[in-house]
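# Examination of the molecular architecture
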Amino acid sequence: MAFTLWALFEVTVLCLNAVCILNEERFLAKVGWASWQNVQGFGETATAKSQILNLIKSIRTVARVPLIFLNIITIIVKLVLG
């Protein structure tokens, strides 16, 4: 498979899907990455772990509805073009 813009688009959609389906109680809490386990005080610098958790939470919040449409477009193109 050649490296094309379509392949890059598919990889992006698949990675966003993977982030959106992570269950915080079943998966993230077991590895110590739950949001309630990472409480910081006011004025403290954010660690890399807390920044990744904030990124996961924001991707879940913002990308959920657009990701549905991106998945539909990907499925239709795969069905039509093979």
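Relevant structure appears above.
All of these numbers come straight from a predicted model, not from anything done at the bench. (Residues numbered from 1 in each chain as written. Predicted model: local features only at pLDDT ≥ 70, side-chain atom pairs only at ≥ 80, totals over all residues. Heavy atoms only, no water.)

### Points about the overall build of the protein
Defined as follows: Secondary structure follows DSSP: runs of H or I at least 4 residues long count as helices, runs of E at least 2 residues long count as strands, and numbering of each begins at the N terminus. Each residue's exposure class comes from its accessible area (1.4 Å probe, protein chains only) as a fraction of the maximum for that residue type: buried when under 20%, exposed when over 50%, partly exposed otherwise. Should any heavy atoms of two residues lie within 4.5 Å, those residues are counted as being in contact. Per-residue and other accessible areas were derived by the Shrake-Rupley procedure at a 1.4 Å probe size, with only the shown protein chains allowed to occlude residues.
Assigned secondary structure in the protein consists of 4 helices and 0 strands. Expressed as a percentage of the 82 residues in the protein, the buried residues total 20%. The long-range share in the protein, meaning contacts at least 24 apart out of those at least 6 apart in sequence, stands at 55%. A total accessible area of about 6400 Å² is found for the protein, and carbon and sulfur atoms account for 71% of it.

### Some details on the pattern of salt bridges
Selection criterion: A pair is scored as a salt bridge if a Lys or Arg side-chain nitrogen falls within 4 Å of a carboxyl oxygen belonging to Asp or Glu.
Counted according to the given criterion, the structure contains 1 salt bridge. For lysine 78, the salt bridge identified is with glutamate 10, shortest N-O distance 3.1 Å. Separated by 68 residues along the polypeptide, lysine 78 in helix 4 (residues 64-81) and glutamate 10 in helix 1 (residues 5-20) bring together distant segments of the chain. Its relative accessible area of 40% is what places lysine 78 among the partly exposed residues. For glutamate 10, a relative accessible area of 14% puts it in the buried group.

### Topic: helix 3 (residues 48-62)
What counts, and what does not: Given the number of residues in a helix, its expected span is that number minus one, multiplied by 1.5 Å.
Between its first and last C-alpha atoms helix 3 spans 21 Å; for 15 residues at 1.5 Å apiece the expected length is 21 Å, and the two agree. Taken as a whole, helix 3 has its buried residues at Ser50, Leu53, Ile56, Ile59 and Arg60.

### Looking at helix 1
Let me state the cut-off plainly: Here, the arc refers to the directions that run from the helix axis to the C-beta atoms.
Helix length check: helix 1, at 16 residues, gives a terminal C-alpha distance of 23 Å against a target of 22 Å (1.5 Å per residue), a fit within 8%. What helix 1 keeps buried is the set Ala7, Glu10, Val13 and Cys20. The buried residues of helix 1 all sit within an arc of 155 degrees when viewed along its axis, so they share a single face. Contacts from the buried residues of helix 1 go to helix 3 and helix 4.

### Topic: the side chain of glutamate 10
This is how it is decided: In the analysis that follows, any N or O atom pair within 3.5 Å is treated as a polar contact, provided that within protein one partner can donate a hydrogen and the other can accept it, and provided that, for residues neighboring in sequence, both atoms belong to side chains.
Side-chain polar atoms of glutamate 10 contact the side chain of lysine 78, separated by 3.1 Å. Setting aside chain neighbours within four positions, we find glutamate 10 in contact with Thr74 and Lys78.

### Section: the nonpolar core
Going by this rule: Note on terminology: a nonpolar core comprises buried Ala, Val, Leu, Ile, Met, Phe, Trp, Tyr and Cys residues joined through side-chain atoms within 4.5 Å.
By size, the foremost hydrophobic cluster in this structure holds 5 residues: Val13, Cys20, Ile59, Ala63 and Leu67. In this structure, isoleucine 59 is in contact with Leu16, Val19, Cys20 and Arg64, ignoring residues within four places of it in sequence.

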